[in-house]
Structure formats: C-alpha cells, structure tokens
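The primary structure of each chain is shown beneath.
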Amino acid sequence: MRKPITRMLALVLSFVMILCSNSGLGDGSIVHAETAMQSVSVETATPGDGRIDASQFKVSIGNESIPYDGEELNPWPRIKDASGRYLMEDVDYTVSYTNNIYPGTAKIHITYIGRYKGSAEKTFKITQARIDNLKSTYVDETSLVIEWDYLDVVMDRYVVMQYKNGKWQAVRTCISGGTAMDFAKLTPNTVYKYYVKGQRKLASGRYVDVAKSSVAAVRTKPYSADYTQIRLSRKTYVYDGTAKKPSFKVIGNGVVVDPKKEYTYSYANNIYPGTATLKVKYTGNSRFKGTRTEKFKIVPAKISEIKTKRTPNSITLTFPAVKGATEYRLYGTDHDLDYPRSEKYKVVGTSKTTTITIKNRKQGSEYRFYLKAYAVKNGKEIMLAKSDEFVERTTPAKVTGAVSGRTEKTGNYTAVRTGTNYVEIGCTPVSGADGYCVYRYDAKSKKWIKVLVDEGDNYDKKTRKVYFMVEKLKPGTGYMFRIAAYKSRWTSPDLKGILIGPASQTIAAATVPKTQYKYTYVENTQNPYQIKLYYNVKLGGCSKNKGYFVILNKVTTDSQSTVYKPYKVIKTNKSTVKVDVPMRTSPNDPFYQITVKSYIVYGGKIFVGAENFSNGGNMK
C-alpha cells in the first residue's frame, strides 16, 4: 500500500531519474549534480493532435510478486519512453489498481496524459503470506498436537488441511488467534501430513486463502509390543525329530494384527525336547514396536512296544528306534522286587542300537526298569524319549533231570511204570519255581501243545524227582513230552498269568496196550501130596514192540502179612504161554499166583503197565 508521502517521494524520484537519464546514465541511478538543472528536451509530437502514443512504452515494477499483508497493495510503476526517459506520474500518466488486496493476480491500470496518449496494463502477483514454524509439539500412539507461529496480518480463521485418501482435505478450523490444534483417535506408527492456511471472509460469505504454511509430516508413536498377545494353536508337542511350527494369531488392542504388513516371525529351539520359542518382530510400518515372544513345550517321546527275550539269567530288550537318538540307556536296580522300592535307579545297560541285554540276573526274578534315548546337540546332552517304568523278569531255570516215569524191576528187566491211558513223567525240581507246564508234541500240527499246568507237589523223596501224570491218552501209544518251570508273580505276558522258563529235553513216554488174557491151571493128580501145577495163559495178539510180562509170584504168609515176590518172569508177545508151578510137598509150602502186565517198547525203553492182573483174568 502506497501512502501519500510515498507518492510525493515517487514524484521527486521520477524527476531525478529524468535528470539522470538526460545526463546520459540511463540506468535510473541517483546522482548528485553540482550544476543547475537543465530543461528537459521533449520528443517531437506526432501528426494529428500532437500527442505521442505511449501505449507501447516499457512499464516495469520493482517486485512483481508481493506477499499478502491484509491491505491494498499499490506498487509504483516505472515507465520509459522510446529514448529511455522515465515518465512522471500525474504529469505523464495516472494509475489505478484492481484485485490488489487478496492473493491472486492484481492489475495496474495506466492512463497516459499530457503530451502522451493511450493506456497500458501491468499485472503483479499477490502471494499468500507465509505461516512459519508448523511442527508437532506432542505425539503419542493415537494423538498429536501441531502448532505454528502467530501471523500478524489481517485474517479471519485458520484451516488445518490433512492429506487423506490421496487428496488434501480440510479437517479442523480455528479462529485467527489460535495457533495450535490437537488430533485424537489416530492410528499408531502412521505418518500424518498437515499444513495450515489462513483465510479472509468476503462480503459474499466466501472465504479466500490468504496465508499458508509448509507441509509438516508427523508420525504417531507405535504401541509397545506389550500391547500385543500371541495366541498359539498348540502349546505342547511330542518330540518326533521334526521342527514344530504351531499356527498362531497376534492380537493387538483386541484386533488381529496383519502378518503381511506388520511383523515377521521366527522359531527357535523347536525340534528337540525343551522350551521352544516363537518370536514376532514388528516391522517399521507396524502399529507396534519391538518384539514379542511366546513359548511352547516339546516333551520327550514315549518309548513303547518294548519286546523282551528272557533267559534264566538275562533279559534282552528290543524297542523302536527314536529319530536322532545316538544312545539308549536302561535304568534299573541290581535287586529284584523283593527289595524296597526306595532303592535308587542307575544305568544298568547302554546301547547305540535298539537292543540292550542285561546279564547276571537271578533266575525266576522280576526287576523294575525304564528306558531313555539321548542325543548330543551343540555339546549339550538332550533326552529325546523315555518309557514308563516297567517290570521285566528272568525265567525259571531250565528243567533238567527229566525222566519218562518211575522205574521198577521186573525179573531181569528194568521198566518204566505207565498206564493204558496215562503216563507219569518227572524231572528234577527247579528252585523257586511256582509250578510246571507239560507240553506234548502234536505230529499233525507239528507243534508243542500245553497239556498240563501243575504246581509240582508230587515229589518223590526216594528219586528226588517231581512227577506229573498226563491222562486221557490212547493205549499202546508212544508220545514225546517236555517240561518247563514257571513263575506266577505279578503280571506276566502269558495269558495264564505265568512266566515260563526254558523247556527240558524231549521225554519219550508211552502207554501200554490194554491187557487181554486168560489162563487155566492143571494139578498133578498122580501124587495128591505132591501138587504139580502149570498154567496155560492165553494172551491177546501183540505187535513186535508190544507184549506181556507173565509173572509167577511166590506168595508167602505169616501172622502179620502176605508177601508177593516174583518167582519167574516171562517176557513174550506170543499168544500162548505155559508156566510151570513148583511142586508143593507139604501144606506149608508157598502158594504161587499168576499176574500179567502188558508192556511197550518206545524210545529205547520198556514201559510196563502199573496194573497187576491176576487170579483168572479174562480175555476182553
């Protein structure tokens, strides 16, 4: 805005510039002249009215861009004629202005007067005033405050502009005296762009922008990672040699955090038993900062399906391989279950394979164990798997001293006593055994079949054997048997609740044929005092390895007992036998009696029937 004094100064300066121009400087410089001012030469008038057409004279102003200051802006024009001489305002021209208050394009209207004619226009820019020092003075996760310097120009209000959805939008206004604005409910760790503009209200009610700040970018703070939570799909896994990667969600302020935009993640220690870690690291653009971790467990695998091979003094365990294991250790005690349970466990066997054998155990005893698998990683020993505590046993000792049955002396023959439908086999008792199992070989199935479970209480002190009677057999038939001792303590893998030891050697035993015979006797009638008898014994037909013992027994009596003693023994498989009886010469001579026993030869042994058939047995 030009004041009156400014206008007077302009007139003086114009006059001086004319002098300077006429002095030959021609650049508008101000000089000090010591001589009197000379008259100004004028250009020759053009034909017509005598005035010079000045419409093409050069017009300039000192600043063609002027900031808004709230008042009219009237910059002084400088006009040169064709010779370079400056014209004087109100002598050679007059000026007026339009649109010279608010930012935009203003015009200077020049009308030539005096010896000049014509008109001219000159434009200049009114720029918006500058609002300085726009900045944030407070920032947290969801709010911020911006401030700016007070602008001492005429203005009606400030408008805060925010860049949203790809364009600038007015978001807040305040009266011109305010220089700060707060914003809330913002997104954490997000850049917000603002600028402030000042406005004047026109008479029409419309606002025009008159001032403007530069753009300020403000980033809200991210939340701490403590504001987030990791929810794992699983928190416990069983070791199997593979990396465990549970799925998960990250929840922040009640909302699922986007894994594609806000964080990266990684797993650690997630293969072997122990504590594994999921680590979530928030990226630069996330609403959160820092890292968040969540732990989950990998527990040792369970070793099961342990198979056992037992002997009286050792136990061999076979088990499935554990992936990654380099050593297996068997823990147990040196003593069986008869010792207190408080006895400490120790390593009793190790192996790099899936088989462990423990030796030097007591036969027929039970022991507690558990098994562990280990690996070494980064110099640290890790237990990969373990079993539950389990009980294993040694078997009773192998049965020895097996016999086909009790023997008896029949004449000059030693035979094994047997029956027509049973055999009686025996063995030396096994120390600590709870009983015995008897097996018979089945030729048809080619298998050993358990036919008897017996506690073994039929002990013979004379032979020092325990005997077992196997019944329901066929007469005159050979069989093969085995005997094994068993234990019946605790739980056994056998369905009968017994643990069976090694079987004896094979025992050959046989039943005898059923006896078929009849006999008659004849007295010596020539001398009734000398009785001479003989027996005609008719027997059943027999095969080559079967037959009969025909026994003439001498019978003596006294006041206390009757004694039968074999006097003559005939072993035969013929159908008829004549047996002479010694002559009785007096009533005190002994009596004689016939008995018949069938026999069978099997396995190189003679088996004779335990029954005695006497006194006129009949053919059946």
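Residues numbered from 1 in each chain as written. Predicted model: local features only at pLDDT ≥ 70, side-chain atom pairs only at ≥ 80, totals over all residues. Heavy atoms only, no water.

Undergrad: How would you summarise the overall build of the chain if you had to cite specific residues and measurements?
TA: Regarding its fold elements, the chain presents 1 helix and 53 strands. Looking at the chain residue by residue over its 620 residues, the buried ones come to 40%. Once local pairs closer than 6 in sequence are excluded, the contacts in the chain between residues at least 24 apart make up 61%. For the chain, the exposed area adds up to about 34,800 Å²; of that, 49% sits on carbon and sulfur atoms. (Helix = DSSP H or I, 4+ residues; strand = E, 2+ residues; numbered from the N terminus. Buried < 20%, exposed > 50% of the residue type's maximum accessible area, 1.4 Å probe, protein only. Contact = heavy atoms within 4.5 Å. Areas by Shrake-Rupley, 256 points an atom, 1.4 Å probe, with all protein chains shown as cover.)

Undergrad: Explain the sheet that holds strand 29 (residues 315-318) to me, using residue names and the numbers behind them.
TA: Strands sit in the order 28-29-32 across an open sheet of 3 strands; the sheet is antiparallel. Edge strands, defined here as strands with exactly one partner in the open sheet, are strand 28 (307-310) and strand 32 (355-358). When the angles between neighbouring strand axes are averaged without regard to direction, this sheet yields 15°. With 4 bridges joining them, strand 29 and strand 32 adopt antiparallel strand pairing. By the bridge assignment for strand 32, Thr-318 is matched with Thr-355. (Pairing = 2+ DSSP bridges. Axes fitted to C-alpha atoms, helices over the stretch in contact; angles between N-to-C directions.)

Undergrad: Please set out the packing of aromatic side chains residue by residue, giving values where relevant.
TA: Throughout the structure, instances matching the rule amount to 28 aromatic pairs. For the ring pair Phe-369 and Phe-390, a centre distance of 6.0 Å and an interplane angle of 35° mean the geometry is tilted. In this pair, Phe-369 sits in strand 33 (residues 366-377) while Phe-390 sits in strand 35 (residues 390-393), placing the two residues 21 residues apart along the sequence. Of the two residues examined, Phe-369 and Phe-390, each falls in the buried class. Directly above the ring of Tyr-195 sits Lys-212, whose terminal nitrogen or CZ lies 5.1 Å from the centroid. Over the aromatic face of Tyr-331 sits the side chain of Lys-372, whose NZ or CZ is 5.3 Å from the ring centroid. (Phe/Tyr/Trp six-rings, centres within 6.5 Å; stacked < 30°, edge-to-face > 60°. Lys NZ or Arg CZ within 6 Å of the ring centre and 35° of its normal.)

Undergrad: An account of a nonpolar patch on the surface is needed here, citing residue identities and associated values.
TA: A surface patch of nonpolar side chains, amounting to about 280 Å² of accessible area, comprises Tyr-163, Trp-168 and Val-215. Inspection of the secondary structure assignment puts Tyr-163 in strand 12 (residues 157-164). Residue classification places Tyr-163 among the partly exposed positions, given a relative accessible area of 38%. (Patch = residues over 30% accessible without salt bridge, like charges linked within 9 Å, V, L, I, M, F, W, Y side chains within 5 Å. Salt bridge = Lys/Arg side-chain N within 4 Å of Asp/Glu carboxyl O.)

Undergrad: So, the side chain of Glu-262: which residues are in play, and what are the values?
TA: The topology assignment puts Glu-262 in the loop between strand 22 (255-256) and strand 23 (263-268). At 2.9 Å, the side chain of Glu-262 forms a polar contact with the side chain of Ser-286. When neighbours within four sequence positions are excluded, Glu-262 is seen to be in contact with Val-257, Lys-281, Tyr-282, Thr-283, Ser-286, Arg-287 and Phe-288. (Polar contact = N/O pair within 3.5 Å; in protein donor to acceptor, adjacent residues only side chain to side chain.)

Undergrad: Mind laying out the nonpolar core, listing which residues take part and the relevant values?
TA: Among soluble globular proteins, nonpolar side chains are generally buried collectively. Core analysis: the biggest nonpolar cluster contains 45 residues, and Ile-110, Tyr-112, Phe-124, Ile-146 and Trp-148 have the highest contact counts within it. The element that contributes the greatest number of residues to this core is strand 6 (residues 104-112), accounting for 4 residues. Sequence-distant contacts of Phe-124, that is, excluding residues within four places in its chain, are made with Ile-61, Glu-64, Ile-66, Leu-73, Pro-75, Tyr-97, Asn-100, Gly-104, Thr-105, Ala-106, Lys-107 and Ile-108. By size, the runner-up hydrophobic cluster in this structure holds 39 residues, among which are Tyr-223, Ile-356, Ile-382 and Leu-384. (Core = buried A, V, L, I, M, F, W, Y, C linked by side-chain atoms within 4.5 Å.)

Undergrad: Outline unusual backbone geometry, listing residues and values.
TA: Trans is the prevailing form of peptide bonds, just as negative phi is the prevailing case for residues other than glycine. Located in the positive-phi region is Asp-90, a residue other than glycine, with phi close to 65°. For Asp-90, the location among the structural elements is in the loop between strand 4 (77-80) and strand 5 (93-98). Note on Asp-90: relative accessible area 38%, which makes it partly exposed. Phi angles above zero are rare outside glycine, and Asn-189 is one such case at about 55°. The topology assignment puts Asn-189 in the loop between strand 14 (180-183) and strand 15 (191-201).

Undergrad: Can you lay out the pattern of salt bridges for me, pointing to particular residues and giving the numbers?
TA: Counting across every chain of the model gives 19 salt bridges. The partner of Arg-292 in a salt bridge is Asp-226, and the shortest N-O contact between them spans 3.6 Å. Residue Arg-292 is found in strand 26 (residues 291-299), and its partner Asp-226 is found in the loop between strand 18 (223-224) and strand 19 (228-232); the two are separated by 66 residues along the sequence. Of the residues examined, Arg-292 reaches a relative accessible area of 25% and is grouped as partly exposed. Among the ionic pairs, Glu-392 bridges to Arg-310, the shortest N-O distance being 3.2 Å.

Undergrad: Account for the pairing of strand 12, naming residues and giving values.
TA: Strand direction decides the pairing type here: strand 12 and strand 13 (residues 167-175), joined by 8 bridges, are antiparallel. Of the residues in strand 13, the one forming a bridge with Tyr-163 is Trp-168. Counting the residues in the hairpin turn of strand 12 and strand 13 gives 2 residues, including Asn-165, whose phi is positive at 55°. In terms of strand pairing, strand 12 meets strand 15 through 6 bridges, oriented antiparallel. Residue Val-160 lies in a different strand from strand 15, and its bridge partner there is Val-196.

Undergrad: Describe the sheet that holds strand 10 (residues 135-139), and please don't skip the residues or the numbers.
TA: The 3 strands lie next to each other as 10-11-14, forming an open sheet whose pairing is antiparallel. Edge strands, defined here as strands with exactly one partner in the open sheet, are strand 10 and strand 14. Averaged over all adjacent pairs, the angle separating strand axes in this sheet is 20°, with direction ignored. Relative to strand 11 (residues 144-147), strand 10 runs antiparallel, the two being bridged by 4 bridges. Bridged to Lys-135 within strand 11 is Glu-147.

Undergrad: For the environment of Ser-404, give the residues involved together with the corresponding values.
TA: Summarising the element assignment, Ser-404 is placed in the loop between strand 35 and strand 36 (407-410). Separated by 105 residues in the primary sequence, Ser-404 and Ala-509 have C-alpha atoms spaced 5.4 Å apart. When neighbours within four sequence positions are excluded, Ser-404 is seen to be in contact with Val-416, Glu-424, Ile-425, Ile-507, Ala-508, Ala-509, Lys-605 and Phe-607. Within the structure, the side chain of Ser-404 is placed 2.5 Å from the backbone oxygen of Ala-508, a separation counted as a polar contact.

Undergrad: Run through the confidence of the model for the chain, naming residues and quoting values.
TA: Taken residue by residue, the chain gives an average pLDDT of 85. The fraction at 70 or more is 86%. Residue range residues 491-495 is modelled with pLDDT below 50. Its contacts to residues more than four positions away, or to other chains, number 11 contacts. (pLDDT = per-residue confidence, 0-100.)

Undergrad: With reference to specific residues and values, describe the environment of Lys-279.
TA: Tracing the sequence through the fold places Lys-279 in strand 24 (residues 274-282). Judged by its relative accessible area of 37%, Lys-279 falls in the partly exposed class. Residue contacts for Lys-279: discarding those within four places in its chain leaves Thr-264, Tyr-265, Ser-266, Thr-291, Arg-292 and Thr-293.

Undergrad: Before we move on, can you summarise the environment of Tyr-102 with the specific residues and values?
TA: As for its position among the elements, Tyr-102 is in the loop between strand 5 and strand 6. Assessed through its relative accessible area of 24%, Tyr-102 is described here as partly exposed. Along the primary structure Tyr-102 and Asp-209 are separated by 107 residues, whereas in three dimensions their C-alpha atoms are 8.1 Å apart. Apart from the residues lying within four places of it in its own chain, the contact partners of Tyr-102 are Tyr-68, Ile-126, Arg-200, Leu-202, Val-208 and Val-210.

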